[in-house]
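# Chain and residue survey
For reference, the chains in residue letters:
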Number of protein chains: 2
Amino acid sequence: MFNKEIYIDRRRKLLSTVNSGLILLMGNEESSINYHDNQYPFRQDSNFLYFFGIDRPGLVGLIDVDANESMLFGDDVSVEDIVWTGPMPSLAQQGSEVGVSKTANYKSVHNYLDKALKAKQHIHFLPPYRPENAAKLNYWLNIPLEKLKDESSVILIKAIVAQRAVKSAEEVAEIEIAVNTTIDMQTEAARLAQDGVSETHIAGVIHGIALSAGGHLAFPTILTVNGQILHNHSQGNILHNGQMLLVDCGAETAMHYGGDLTRTSPVSQKFTSRQKELYDIVVDAHEAAVNFLKPGKYYKDAHLLACETLVNGLKSVGLMKGDTKDAVAQGAHAMFFQCGLGHLMGLDTHDMEDLGEQYVGYTDELKKSTQFGLKSLRLGRQVEEGFVLTVEPGIYIIPELIDLWKSENKFLDFINYDNLEKYKDFGGIRIEEDLLITENGNRILGKNLPRNTELLKPNN
Amino acid sequence: MFNKEIYIDRRRKLLSTVNSGLILLMGNEESSINYHDNQYPFRQDSNFLYFFGIDRPGLVGLIDVDANESMLFGDDVSVEDIVWTGPMPSLAQQGSEVGVSKTANYKSVHNYLDKALKAKQHIHFLPPYRPENAAKLNYWLNIPLEKLKDESSVILIKAIVAQRAVKSAEEVAEIEIAVNTTIDMQTEAARLAQDGVSETHIAGVIHGIALSAGGHLAFPTILTVNGQILHNHSQGNILHNGQMLLVDCGAETAMHYGGDLTRTSPVSQKFTSRQKELYDIVVDAHEAAVNFLKPGKYYKDAHLLACETLVNGLKSVGLMKGDTKDAVAQGAHAMFFQCGLGHLMGLDTHDMEDLGEQYVGYTDELKKSTQFGLKSLRLGRQVEEGFVLTVEPGIYIIPELIDLWKSENKFLDFINYDNLEKYKDFGGIRIEEDLLITENGNRILGKNLPRNTELLKPNN
Ligand SMILES: [Mn+2]
Ligand SMILES: [Mn+2]
């Protein structure tokens, strides 16, 4: 937990932006896996963590803007509970650590909200992503489940996005701890990526590294020899020489700030020449975007620049052709790069995505594209000093997409289908770094982790 | 997945026991952690796994008892989805692997249930433990959320309990795989339990072992130098010589059968003499229960026998006094052993606990006690050949409980509070094994893992 002044300041700032009404921030609940007492590791809601800092289930935070007052609602453990749980700090104690002196039991939230509703005080709440919290909002505020998202407060969402998007020095330091643990995971994964080893084994070992560092995984690890499958959470393969292993993983600190890095390394000691060719193209795209990003630049332009760099490289190896800018404008590059260049990160890997991509990554003026490829770009707006974000270009050879577009005669002016057919078993490559936008440019977070084709393979 | 004949047989048996109506078995959904796209590792519902075997989100199984027919509802991935997920088997293919030829899209469940309701067919459903499924039952069957548990089908619950309680040879083999991985985790934890090592480090490493074996954890690991805190999921301590480390962990296979073992080992090479005294008492209680259990015996009696063994031992070291049977009958032993001796296990660590302890561990004739201690016994009924269950006695010195009972002058005839005061910093000991009830007795599952005070500490 940070110093209590930090939480007091954050709430003060939020309160002044929202201007009037009652701000309702719901903590998360325990969630059963397969029966009541077997529960997923508890993860506190990130907005609750940001403004109230307390990392335990069963809490609600209220900020009464009109009364200029913060409150916490939750239940203390009974003497009988203590037999099972050991001594626990009271909510009053925990509240005092984050500068909240007014606490009450959980049940009384309902009453408090009822009174506010009767007094016609506006209740600002966020769109719920956990069904337990949706059910509570439905019950307390008498809003149908299917209308909760629409009736959530855009004023509150925008105020929180403005605040959380710019990271303080303490937050950057915490993120960098997570990034460094993530680098340890990547280093070990690259070392273990040997012929005959299973994906599962490596995934287990690096998960252990994140836990042993005192935190968790920020998100389920992608670790696969089939890097072209973008949402690939299966880890059932045995590695073979000649394959590439794509590892996209992140550690989360005990305070829940996370890292998010991807490396693609050869299972044998060296890339094949074909692998190296495409790998170097991804490195070029990565460098182009990193060199471009500084305060005031549109992230969307960094994405397009990376796409153009990819197209130029793909032209040089005979997989694409035609005018580069035309190809990108029409979306032909999305045969190879179907997703976006990156996203904001912080307490969430896709920071604040629960609040809605349109508010986090775009603005009232800049709307998200609907074009295949660009529609998966989570971040388009101008970046600012203090933003922390990823840059993660890739080349993914997806046989099903080749078959589909070829059958539709799509982008015949830009894609060399004859050559591409020979790459159908190629797989996928991604390189991902975490960047802090600085006053005049940016800084790649964390200690050094090789990004070029001379990948770290110690003890070999 | 087992052979499809096994699933066909299971459904046939269930259908014949339930006798009439429509059996609705809901698979689980993905569940968001902190924003929609960041999700907990998917865990299929165990009842769904048992009868339909398919391990993916978004499925509903129906067994129409009247029509003698099984159906599966769920959606196939679209061509656009395949770009992100890679090729996936269709529901029709997956259905055929478990002997279900009738499949339909997810949306059509609602229609099907509507027709059944109009035809006055009784719909048997289970009490939901996931809020997503509760919301769906509420919507489909028009039953208020708070009434779903009461309106769930006791006939179905009892039929499933009868079937799942007795494990087949294939199930026992699968459980034993999980137990053996759990033994690997225990062995490594005992080896790492050295002065200066953190709980977190060891927990991370053994979690990695479970994942590397191709499965998951069956439940969040308890790994602590404060073994007296029974529901202790914090792992923030550094181990010191003279402490004991309690590790209660379980691996789950890819098919979701689990193990559940506890060992308590000294951080230094040897127990202190005081630790060894109490440890040996727990070993005696464990052996008494294991030697007692065979088909026809009440598990509750094994629990009481273990309690009496504990009391005799505690009398021998001066912590208890008086008549042993009286002490146990009145519940005085619960100062040291506050919980139950064990539970059924299988697809769930506390097997079928979602269906209700009263149906799983007790019978219409044998009700659960309300006495402190006994009320935490999850299993009381007679055991049968094919049951798989844990035996996990312990001694837990809980300072808060000592203070509470002493202030109430509770059990002055049985508890030597003066001596007990000196043990307030003692901690807790538990020994847990997994047993298969056999024709004439029982068999401890898995390869050998030392249980006596000469604990496995290789490489030292
Ligand atoms: Mn990322
Ligand atoms: Mn157990």
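Residues numbered from 1 in each chain as written. Chains lettered and ligands numbered in written order. Predicted model: local features only at pLDDT ≥ 70, side-chain atom pairs only at ≥ 80, totals over all residues. Heavy atoms only, no water.

The name recorded for chain A in an unreviewed UniProt entry is Xaa-Pro aminopeptidase, from Pedobacter changchengzhani. In UniProt, chain A has this text filed under Cofactor (unreviewed entry): "Mn(2+)". (UniProt positions renumbered as here; feature names shortened; annotations may be inferred.)

On to the pattern of salt bridges, then. For the structure shown, the criterion picks out 54 salt bridges over all chains. The partner of Arg381(A) in a salt bridge is Glu384(A), and the shortest N-O contact between them spans 3.6 Å. On the basis of relative accessibility, which here comes to 37%, the residue Glu384(A) falls in the partly exposed class. Between Glu421(B) and Lys424(B) there is a salt bridge, and its shortest N-O distance comes to 3.3 Å. Since its relative accessible area comes to 27%, Glu421(B) is described here as partly exposed. Taking relative accessible area as the criterion, Lys424(B) reaches 26% and is therefore assigned partly exposed. A network of salt bridges, in which partner residues are shared, links Asp37(A), Glu353(B), Glu357(B), Lys368(B) and Arg378(B). (Salt bridge = Lys/Arg side-chain N within 4 Å of Asp/Glu carboxyl O. Buried < 20%, exposed > 50% of the residue type's maximum accessible area, 1.4 Å probe, protein only.)

Moving on, we come to the side chain of Glu357(A). Considering the arrangement of structural elements, one finds Glu357(A) in helix H14 (residues 357-360). Look at Glu357(A) and you get buried, because its relative accessible area is 19%. (Helix = DSSP H or I, 4+ residues; strand = E, 2+ residues; numbered from the N terminus.)

Between chain A and chain B, the residue contacts involve 58 residues of the former and 58 residues of the latter. Between chain A and chain B, a total of about 4,600 Å² is buried, with carbon and sulfur atoms accounting for 61% of that surface. Here chain A is connected to chain B by two salt bridges. In this structure, the connection of chain A to chain B is made through 18 residue pairs in polar contact (both at pLDDT 80 or more). Put simply, the parts of the chain that give the side of chain A that touches chain B at least two residues each are strand E2 (32-35), strand E3 (38-39), helix H3 (79-85), helix H6 (131-141), helix H10 (199-212) and helix H15 (399-407) of chain A. Among the elements that take part in the side of chain A that touches chain B, H10(A) stands out by supplying eight residues, more than any other. Taken together, the residues of the side of chain A that touches chain B sort by class into 25 nonpolar, 22 polar and eleven charged. (Contact = heavy atoms within 4.5 Å. Buried area = accessible area lost by both parts, 1.4 Å probe. Polar contact = N/O pair within 3.5 Å; in protein donor to acceptor, adjacent residues only side chain to side chain. Nonpolar A, V, L, I, M, F, W, Y, C, P; charged D, E, K, R; others polar.)

Take the domain arrangement of chain A next. Residues and elements named next belong to chain A. Partitioning chain A into structural domains gives domain 1 (4-165) and domain 2 (169-444). With centres defined by C-alpha atoms, the gap from domain 1 to domain 2 works out at 34 Å. Listed as interface residues are 20 residues of domain 1 and, on the opposing side, 19 residues of domain 2. Both faces considered, domain 1 and domain 2 share a buried interface measuring about 1,700 Å² in area, 57% of it formed by carbon and sulfur atoms. For the pair domain 1 and domain 2, the interface holds five salt bridges. Across the contact surface, domain 1 and domain 2 share eight residue pairs in polar contact (both at pLDDT 80 or more). Mapped by element, the contributors of at least two residues to the side of domain 1 that touches domain 2 are helix H1 (4-18), helix H2 (46-52) and helix H8 (154-165). (Domains from an automatic or database assignment.)

All names here are of chain A. Those donors, Asp260 (OD), His343 (NE2), Glu392 (OE) and Glu432 (OE), are the protein atoms that reach the manganese ion (ligand 1), and they lie 2.1 to 2.4 Å from it. Each donor residue of the manganese ion (ligand 1) lies on the same chain, and together they follow the pattern D-x82-H-x48-E-x39-E. Taken together, the residues span a long stretch of sequence, with His343 in the loop between helix H13 (324-330) and H14 and Glu432 in the loop between strand E15 (428-430) and strand E16 (433-437) at a distance of 89 residues. Assessed through its relative accessible area of 4%, His343 is described here as buried. A relative accessible area of 0% places Glu432 in the buried class. (Donors = N, O, S within 2.8 Å, 3.2 Å for Na, K, Ca; no water.)

The next point concerns the relation of the copies chain A and chain B. With an axial shift of 0.0 Å and an RMSD of 0.0 Å, the rotation relating chain A to chain B amounts to 180°. Each copy turns onto its partner about a two-fold axis. Relative to the rotation axis, the closest C-alpha in chain A is found at Gly208(A), a distance of 2.4 Å. By residue overlap, the copies meet face to face through one surface: 100% of the interface positions of chain A are interface positions in chain B. (Least-squares fit on C-alpha atoms with pLDDT ≥ 70 in both.)

Within this numbering scheme, the UniProt entry marks residues 2-134 of chain A as carrying the feature "domain: Aminopeptidase P N-terminal" (unreviewed entry). In residues 2-134 of chain A, the share of helix is 38% and the share of strand is 20%. The end C-alpha atoms are 29 Å apart.

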